[in-house]
Amino acid sequence: MNKIQYMRIIQCHIRILVAICMVMLISPWACNPLTQEIKPNVIIVLTDDQGYGDLSCHGNPVLKTPNLDQLRTESVRFADFHVSAMCTPSRGQILTGMDAFRNGATCVSRGRSLIQPGIPTMADLFSANGYKTAIFGKWHLGDNYPYRPQDRGFQETVHHAAWGITSIPDYWTNDYFDDKYLHNGVYEAYEGYCTDVWFNETMNWMKERQKNDEPFFVYLPTNAPHSPLWVAEKYSEPYADFPEVKDFYGMISNIDENMGRLMAMLDETGLRENTILIFMTDNGTSVGHKVFNAGMRGHKTELYDGGHRVPFFISWPDGNIGESRDVSDLAQSQDILPTLMDLCKLKTTEALSVDGISLAEVLSGKQESLPDRMCVVQYDRHVDGLTGKWESAVLWNKWRLVNGEELYNIDSDPGQGKDISDDYPDIIKKMRDHYEKWWSEVEPGRSKLYAIRIGSEEENPVNLTSCDWDGAYSDNWWQLRTGGYNGIWHLYVEESAEYEFELRRWPVEADTPISASATKPGYNNEGEALPIVMARIEIADVELSKPVSQADISITFTMSLSAGDTQMKTWFLDEQGNDLCGAYYMNVRKL
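Residues numbered from 1 in each chain as written. Predicted model: local features only at pLDDT ≥ 70, side-chain atom pairs only at ≥ 80, totals over all residues. Heavy atoms only, no water.

J.: How would you explain the overall build of the chain if you had to name every residue and give the values?
T.: Along its length, the chain carries 13 helices and 25 strands. Radius of gyration (C-alpha) of the chain: 26 Å, near the 25 Å computed for a compact globule of 591 residues. Seen along its three principal axes, the alpha-carbon backbone of the chain occupies a region of about 105 × 75 × 50 Å. The buried share of the chain, reckoned over its 591 residues, is 58%. At a minimum sequence separation of 6, the contacts of the chain that also span at least 24 residues come to 69%. (Helix = DSSP H or I, 4+ residues; strand = E, 2+ residues; numbered from the N terminus. Rg over C-alpha atoms; globule rule 2.2 N^0.38 Å. Buried < 20%, exposed > 50% of the residue type's maximum accessible area, 1.4 Å probe, protein only. Contact = heavy atoms within 4.5 Å.)

J.: So what about helix 8 (residues 246–269)? Which residues, and what values?
T.: Since there are 3.6 residues in each turn of an α-helix, residues three or four apart along the chain are aligned in direction. Along its 24 residues, helix 8 runs 35 Å from first to last C-alpha, staying within 8% of the 34 Å computed at 1.5 Å per residue. Following helix 8 by one or two positions, G270 has its phi on the positive side, about 80°. (Expected span 1.5 Å × (residues − 1).)

J.: Which residues make up the pairing of strand 14 (residues 399–402), and what values go with them?
T.: Side chains W399 and L401 of strand 14 all project onto a buried face; the interleaved residues R400 and V402 project onto the opposite face, where all are buried too. From the end of strand 13 (residues 393–396) to the start of strand 14, which pair antiparallel, there are two residues, and N397 there has a positive phi angle of about 50°. Two strands pair when backbone bridges link them, and strand 14 and strand 15 (residues 406–409) are joined in this way by four bridges, in the antiparallel orientation. Paired with W399 across the strands is N409, a residue of strand 15. Here strand 14 hands over to strand 15 after three residues, with N403 in that stretch at a positive phi of 55°. (Pairing = 2+ DSSP bridges.)

J.: Requested: an account of the nonpolar core, with residues and values cited.
T.: Membership of the largest hydrophobic core comes to 46 residues, with the highest contact counts inside it found for F78, M122, F217 and I336. Per element, the largest residue contribution to this core is five residues, and it comes from helix 10 (residues 336–343). Discounting chain neighbours no more than four positions away, the residues touching M122 are I44, I94, L95, F217, I336, L337 and L340. Judged by nonpolar contacts, the second largest core, of 43 residues, contains L464, W469, A535 and M559. (Core = buried A, V, L, I, M, F, W, Y, C linked by side-chain atoms within 4.5 Å.)

J.: Which residues make up the packing of helix 2 (residues 66–73) against helix 8, and what values do they have?
T.: Running from N to C, helix 2 and helix 8 point in directions that differ by 50°, and their axes come no closer than 7 Å. One finds that helix 2 runs oblique with respect to helix 8. Between helix 2 and helix 8, the residues in contact are P66, N67, L68 and L71 and D256, E257, M259, G260 and M263, respectively. Tallied by class, the residues present in the contact of helix 2 with helix 8 amount to five nonpolar, two polar and two charged. (Axes fitted to C-alpha atoms, helices over the stretch in contact; angles between N-to-C directions. Parallel < 35°, antiparallel > 145°, perpendicular 65-115°, else oblique. Nonpolar A, V, L, I, M, F, W, Y, C, P; charged D, E, K, R; others polar.)

Below, the structure is given as structure tokens:
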């Protein structure tokens, strides 16, 4: 080799090194190995109303979940993991790391399903750290500005409205198959079964992120297996001998099939190794306890372990979380955000206020066990409103204090069948003292409700529904079809201006007169006709009325409003002036 050839080789190597350095500088995934690490991707799969016992790997003798069973064998499993006993509070706790009674999302409706504005969510934090963020499925933390997922850090959103498909705010014709969902705030048509759609959209979006070398956080909360229990017969038929749960189990079988597709896609694309994959559920089982409940007492809505102990699997093949194993320490949904902050090394400009703790040190093996602590499970009931002091469960290692009086040790009594409060007065006192302190901190904010904003540039017009009424639980078909419900909307007027208010009993898609009956797709009971002859609205101390004819589909009022907080209530009245119901649907437009 002569000197010229040697210099050419050296120059070639230099060009290659320069090119590599340039790629490392411009690629959001690339990094300087001396100063940074490649950012892991994160996927959280959250199913709805599936309990701890609704998995074959947890001993269910009927249900078959082979793909979730496989994920369990590959994961670190937190075996004493707790959420709220209802869905919205669990979701808010996951996304903020804060107790529901601190973040504001304490109930599934009644104007209390909204996270307090200004509290950063998990999606906000990932976005601020250079991640692409998305949600596919169930949000249930507000359908209006500033509470929608696109207002809370999610850059790509595909979801149904409110608690689920067929809820009052959801698109009228949706029935789980070939539905319309909100895509970045606009309804679009999607082909296929709802759960299949959520997983398909997730996988397509992740492939795009991989193509663009973009780290991602995806939140995949399914509406299944929440009621209505609708699924293709091929999934429910294997459980025909168990009629009470066959469709519920069929929906879980479909979820399991989709989890298998997701894991296969992660393997095939090479994403699996550096992806943190979490599988969990939002509360105890709603139906499965009729067959199997893993020996626990209670189910969804209840304060015994069957109401809030759920599966929690976390997998990260390339991460420093050790081999698959069970962790028996008490953990809760509020721990997820601080854990991911540590695992993904997310930075913040100011300290976060969270109630959870990071599980990262236990996952990595640097810490043998979690610190000794107590946790409180409490939420507001949708049927009868605010819960009072002591309507809770206090958890401490294997101790459970229920309603401030009943004491159980789940090591010796996992079914919580024997109240041993008389035998352990010292334990009772410590747990009651903890709750007293917690209650003194959260109780002052219990009366606070967060207003939906009207007249903003971010959302105009605003479509309101009875789901957000204060003073009434009204977000289901059976409450809409009969009438008889009414409540108050809490609003914030962004700008002093003229506003138009369009009142309806049925949604725009139904195209049905206010006083007429209506047929809801998927249901065989018709909405009742009501003798409505008058519409009334009261807002900002102004009350207006108009007659309603049998042909009127909507009634419109116009008035000037000043900026600031206000309340609004509507009435549909009969000839005697009796309140038959409020306007379940309201379109508010700043003119």
